[in-house]
Amino acid sequence: MTTTFDTDRGNGGETHQHVSEKGPHDGVNHLTTNQGIRITDNQNSLRAGERGPTLLEDFVLREKIFHFDHERIPERIVHARGSAAHGYFELYDSLSDITKADLFQRAGERTPVFTRFSTVAGGAGSVDTPRDVRGFAVKFYTKEGNWDLVGNNIPVFFIQDAMKFPDLVHAVKMEADRAFPQAASAHDTFWDWASLMPETTHMLMWAMSDRTLPRSVRMMQGFGVHTFRLVDTDGKSTFVKFHWRPKLGIQSTLWDEALKLQAADNDFHRRDLWEAISSGNFPEWELGLQLFDQEFADAQPYDVLDATKIIPEEVLPLRMVGRMVLDRNPDNFFAETEQVAYCPANIVPGIDFTNDPLLQGRLFSYLDTQKSRLGTANFHQLPINAPKCPVMNFQRDGQMQMSVPKGRANYEPNSLSSDGEAGGPRECPVTGFGTFEGGTSQGEKGNKLRVRAELFADHYSQARLFWRSQQPSEQAHIASSFVFELSKVGLKQVPPRMVANLRNVDEDLARRVADGLAIILPEKNPAAREPVDMESSPALSIHANMMDTLQGRKVGILIADGSDAAALKTLQEAIKDAGGQSFVVAPKIGGAKLSDGKQMKAEGQLLGSPSQLFDAVVVLLSEDGAKHLIKEGAAIQWLMDAFGHLKAIGYTAAAQPLLEKAGIEADDGVVPLDQSFVEIAKKRYWQREPKLRLLA
Ligand code: HDE
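What you see is a predicted model; the values in this text were computed from it and never measured.

Calculation criteria
Residues numbered from 1 in each chain as written. Predicted model: local features only at pLDDT ≥ 70, side-chain atom pairs only at ≥ 80, totals over all residues. Helix = DSSP H or I, 4+ residues; strand = E, 2+ residues; numbered from the N terminus. Rg over C-alpha atoms; globule rule 2.2 N^0.38 Å. Buried ≥ 20, exposed ≤ 12 C-beta atoms within 10 Å, placed from the backbone. Contact = placed C-beta atoms within 7 Å. UniProt positions renumbered as here; feature names shortened; annotations may be inferred. Axes fitted to C-alpha atoms, helices over the stretch in contact; angles between N-to-C directions. Parallel < 35°, antiparallel > 145°, perpendicular 65-115°, else oblique. Left-handed = near helix turned anticlockwise from the far one by under 90°. Near = placed C-beta within 6 Å. Nonpolar A, V, L, I, M, F, W, Y, C, P; charged D, E, K, R; others polar. Pairing = 2+ DSSP bridges.

1. Some remarks on the overall build of the protein
A count of helices and strands for the protein gives 19 helices and 18 strands. Against the compact-globule benchmark of 26 Å for 696 residues, the protein has a radius of gyration of 29 Å, which places it among compact chains. Its C-alpha atoms give the protein principal-axis dimensions of roughly 90 × 80 × 55 Å. Counting over 696 residues, the protein shows a buried share of 42%. Counting contacts in the protein only where the partners sit at least 6 residues apart, residues at least 24 apart contribute 72% of the total.

Listed below in structure tokens is the structure:
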């Protein structure tokens, strides 16, 4: 084949845009090497003779394999598995009364964001639904530089001091010698360590609750965790805790459901986020602030610099200041989601740190780990990390330097400009980031000490507050999770030690866990500081606050030959009108011949679409369909799981034998299919659970 080479072959730095054989603008993309050389054959390597050896000379082959060999980079040491999206933050009202941060000045203004959700313990290729804390990291590309709010879906943390972070992570990750279990805390080393660290207790309560089993990342809260500061133009500081509230409400799965989701779809959350955005159902959160001053801080029975403590919303309500909408999926997972580098130290004028010793350690860690993960000190130049405002300084060179600074000015001060040369950027004493100078309340000055402040010694008051703020259904889940996790621990000394700590939280909880493990209730572990009783906080319950809605939720509809076409259409429309999504499942992906004689294609095959993928289910079967499916174990399992996971079940009269075979007893959530089903489908039926499960 003869190839015509053009002289105009530049591609503006876009390595993989190609010009045509005939000319650069005829719309045909040509395959090239990384040097821009067109490739004639992408199937065969160059060899000496038809059956002869491959030649070292083959630069096309060598380059292709060389690049492939280096495609992977080290995964994040924690939060390796994640999914992200682009969007914006929109401010409701100006916050100029409390901060000079530019993104908080003008009502209605939008700031671009890139937000990544992650699990913590598992590797990059692990599943989406283990019991785990979720990362909730937001990069705001503000006009005054990048601000990263690198939070979690739980408002407290396991430890109080960064000194313990490597121990925590070593303990929870797969065990050092055997490299299992992956993405799970239910093993010896985690509980050995946690039971020796009473400060973990509050976080453990959250971790053992349904918070760590989110239904979707769109249905999680997010928290900045630490106390930060907002600073206004006069230099006045206000303490702040950041909260993200999902528009769809908080929703979680059940433990059994989460386990089965791992089998049904390893990418359950990643797919859910992607599909929601690509179908135009943009996930949304409101940003709420808890704002307070030193006087308030001093009056609380805990230290606001202690990341194992919350400020209950009932004590300090949230001021809702804006919303975040995620409206665009990444173009490329690696370039964006994998290479994004969040860092709590990325902060803008008007926001500042506090002395929280956990936060202070984080300020070092992220930049440091990112150099190792991304391989060069220039990772801030990657498109996903680059600020969307000018970046000008005298930093130069380093591996993978992408910018081409001009002139001689690479030092400061300089007087080059007086000779007509560019002198480079100058300091900004007024508009630059000025660290908040105050903060000399009690304990903020003094000798160098390796100690913790007095109130940090209270490890149990808020664990108790959390427990008492849960509904009985949630308490049963927490107690059962402790039993499950500790049942996986082989070290004899560990479960009693953990239960001994739990006795400081609540005697009933401790007894239930001990019973569940069939161990003798151990002596209480003496508390470093006696817990105090705090007013319970209903805002901490998921079950009490779950929204009755179909928005963002999916209803699985099982059909087979003969299913009523009109009933199916009506149901699908009703689900859509309620903001939900229907998903038709049939024994064969080609679908079923409905009552009107038409073939309806299925969206999922029964074997590949178990009911844990849905929030509610309908068995829309004819007599014939039911006769056929009663012999299909997957159909019976579909119903058993939906019932066991406390979901609404709608059924046609013909489908009743299947329900009977699945052992389903009628209750408020199991109803013959009619118009009212969409209302029924908006809930979970917690009251069913004690009849189905022996919880601790
Ligand atoms: Fe992180 N954390 N962390 N962390 N963290 C990382 O940074 C660290 C902590 C959080 O989507 C790492 O780039 C220390 C609390 C999220 O890319 C690393 C301490 C909270 C993400 C690191 C903490 C978080 C990370 C690993 C204790 C909630 C994922 C890879 C002092 C407020 C960000 C990386 C993403 C990632 C260190 C504790 C949230 C090693 C030392 C508390 C959401 O730098």
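2. Brief notes about the UniProt feature "domain: Catalase core" (unreviewed entry) in the protein
In the numbering used here, UniProt assigns the "domain: Catalase core" (unreviewed entry) feature to residues 32–420. Between the end C-alpha atoms of residues 32–420 there is a gap of 44 Å, over a span that is 22% helix and 19% strand.

3. Observations regarding the packing of helix H11 (residues 472–487) against helix H13 (residues 507–517)
Each packed pair of helices is defined by two parameters, the angle between the axes and the distance between the axes. For the pair H11 and H13, interaxial distance at closest approach is 9 Å and the crossing angle is 40 degrees. Relative to H13, H11 is oriented oblique. Remark: the crossing between H11 and H13 carries right-handed chirality. Residues Ala479, Ser480, Phe482, Val483, Leu486 and Ser487 of H11 touch H13, and the partners they reach there are Leu509, Arg512, Val513, Gly516 and Leu517.

4. A few points about the site of the ligand
Taken together, 26 residues are adjacent to the ligand, and Arg76, His79, Gly135, Ala162 and Val225 come closest. Counting only elements with at least two residues in the shell around the ligand, the list comes to strand E2 (110–119), strand E3 (134–142), strand E4 (145–152) and helix H9 (357–374). Looking at the shell around the ligand, the element that brings in the most residues is H9, giving seven residues. Residues of the shell around the ligand, tallied by class, amount to 13 nonpolar, 10 polar and three charged.

5. Examining the pairing of strand E9 (residues 319–328)
Note: strand E1 (residues 82–91) against E9, six bridges, orientation antiparallel. Among the inter-strand pairings, Tyr88 is bridged to a residue of E9, identified as Val325. With six bridges joining them, strand E8 (residues 284–292) and E9 adopt antiparallel strand pairing. The partner of Glu286 across the bridge, within E9, is Arg323.

6. Notes on the UniProt feature "active site" (unreviewed entry) in the protein
Mapped onto this structure's residue numbering, the UniProt feature "active site" (unreviewed entry) falls at His79 and Asn152. Of the residues just listed, which span 74 residues, no C-alpha pair is farther apart than 10.4 Å, and they cluster in one region. Setting aside its immediate chain neighbours within four residues, His79 contacts Ser118, Val120 and Gly135. With respect to the helices, strands and loops of the structure, Asn152 is situated in strand E4. When the 24 C-beta atoms within 10 Å are taken as the criterion, Asn152 is described as buried. Filtering out sequence-adjacent residues up to four positions away, Asn152 remains in contact with Val133, Arg134, Gly135, Phe136, Phe223 and Val225.

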